[in-house]
Amino acid sequence: MEVLLVLVGGLFFPSLFFLVRRLLDLTYGARLNQGQVCDIAVKCVTATQGIFASISGVIVVAHCYQNILYDRHWLATGYVYFAFPYFYYDAWAMYQSHWLRYPYIHEQSFHQRLLHFLRERTLTMFHHLVLPIIFVPVVVYFRNGVGDFFIGCFMLFEPAVPVLAFRNILLQLNMKDSTLYVVNGVCLIVAFAVCRVLMFPFMYWCYARQRGISLWRTPGEIPIKCNIGCAIILVPQIYWMIMIIKKAQLLIHKKYVKPPTAEAVPICNGYVHEGNCKGL
């Protein structure tokens, strides 16, 4: 069963990428270049994975809520097997997008192209390496059947992913100055706050409720490694949420407070960027 889930995931994500890319070529090929088409296809698959993970998380949390330590649901590990190939597919797909965005690297050696890609995608590649190497073995082998509820909670980090993917798609469609982009930014802040920051107090509260202790005693009642692990995951979530809030404030101030200006969205080699075209 586990091997089958890995194989299905390994076929599903690349197939969806090629399907979406083909549909975009047929429908928007005249408006978008190949770099934009590829990047939008990547983001559509990313959003799909986020939706699947979120649904799985809701099911697992709802099923295991009564006994958060020992209740089991097959999706807690089943979805991990299915999603495992996604991280390797996504690394490959992002490299394809990078290749199309920067035509001048085509003349470089593979080593130079790879370094160029890694410099731009350092955090994403780190994330895609850490999760399969650390998170997947912990979920599958080292829990001894305990804590499906908490795996479901971590799956519920993912509702922010489709919102973030849609934000990038709006950028590629040159809609950064639209009201929809502003609404998306507000939704992203809410998704990060609820699903990634407040999720930790929620998990601690659920543990306190089951043990019949106060929330403030919970950190002292659980293993120190759990507290350290939660802190390591929580700190970057808070940092990213602060960055998102700052960007949203700048965008709202520019759109609704300052007089509108004819500032164009930077386009580098036909690919839309939030920042400048430094180095191009």
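Predicted, not measured: the structure shown is a model, and the values here were computed from it.

### So, unusual backbone geometry
Its identity as a non-glycine residue notwithstanding, Asn-144 has a phi of 55 degrees, on the positive side. Note on placement: Asn-144 falls in the loop between α5 (122–140) and α6 (148–155).

### Re the pattern of salt bridges
Scanning the model with the defined rule gives seven salt bridges in all. Put simply, Glu-158 and Arg-196 hold a salt bridge, and the shortest N to O gap is 3.8 Å. Placement of Glu-158 in the loop between α6 and α7 (160–172) and of Arg-196 in helix α8 (residues 179–197) is noted, with a sequence separation of 38 residues between them. We classify Glu-158 as buried; its relative accessible area is 18%. Glu-221 is the partner of Arg-211 in a salt bridge, and the nearest nitrogen-oxygen pair spans 3.7 Å.

### Structural notes on the nonpolar core
Counting residues in each nonpolar core, the largest one holds 49 residues, and the members touching the most others are Phe-17, Val-45, Tyr-79, Tyr-89 and Phe-149. Sorting the residues of this core by element identifies α1 (2–28), α2 (34–64), α3 (75–101), α5, α6 and α9 (199–211) as the ones contributing at least two each. Among the elements that take part in this core, α3 stands out by supplying twelve residues, more than any other. Setting aside residues up to four positions removed in sequence, Val-45 forms contacts with Phe-13, Leu-16, Phe-17, Tyr-86 and Tyr-89. Counting eight residues, the second-largest nonpolar core is a separate cluster that includes Val-163, Leu-188, Ala-191 and Val-197.

### Points about the packing of aromatic side chains
Evaluation of the coordinates by the stated rule reveals 26 aromatic pairs. Between Phe-13 and Tyr-89, the ring centres sit 6.5 Å apart and the planes meet at 20 degrees, which makes this aromatic pair stacked. Here Phe-13, found in helix α1, pairs with Tyr-89, found in helix α3; they are 76 residues apart in sequence, far enough to count as distant. Accessibility assignment for this pair places Phe-13 and Tyr-89 in one class, buried. Through a chain of ring-to-ring contacts, the aromatic side chains of Phe-12, Phe-13, Phe-17, Phe-18, Phe-52, Tyr-79, Phe-82, Tyr-86, Phe-87, Tyr-89 and Trp-92 assemble into a single cluster. The ring centre of Phe-192 lies 5.0 Å from the NZ or CZ of Arg-196, which sits over that ring.

Cut-offs and rules
- Per chain, residues are indexed from 1 in the order of the written sequence.
- Side-chain atom pairs in this predicted model are given and counted only at pLDDT of 80 or more, local residue features only at pLDDT of at least 70, and totals for whole chains, interfaces and linings cover all residues.
- Excluding hydrogens and water, the side-chain figures rest on all heavy atoms present in the structure.
- Only runs of H or I of at least four residues qualify as helices and only runs of E of at least two qualify as strands under DSSP, and these elements are numbered from the N terminus.
- When a carboxyl oxygen of Asp or Glu lies within 4 Å of a side-chain nitrogen of Lys or Arg, that pair is called a salt bridge.
- Three labels apply to residues, based on accessible area from a 1.4 Å probe with only protein chains included: buried if under 20% of the type maximum, exposed if over 50%, partly exposed otherwise in between.
- Only buried Ala, Val, Leu, Ile, Met, Phe, Trp, Tyr and Cys residues count toward a nonpolar core, and they belong to the same one when joined by side-chain atoms within 4.5 Å.
- Contacts are residue-level and defined by heavy atoms, with any inter-residue pair within 4.5 Å sufficient.
- The pairing test for Phe, Tyr and Trp rings, Trp by its six-membered ring, is centres within 6.5 Å, and the orientation test on the planes gives stacked under 30 degrees, edge-to-face over 60, and tilted for anything in between.
- When the NZ atom of lysine or the CZ atom of arginine is within 6 Å of a ring's centre and also within 35 degrees of its normal, the charge is said to sit over that ring.

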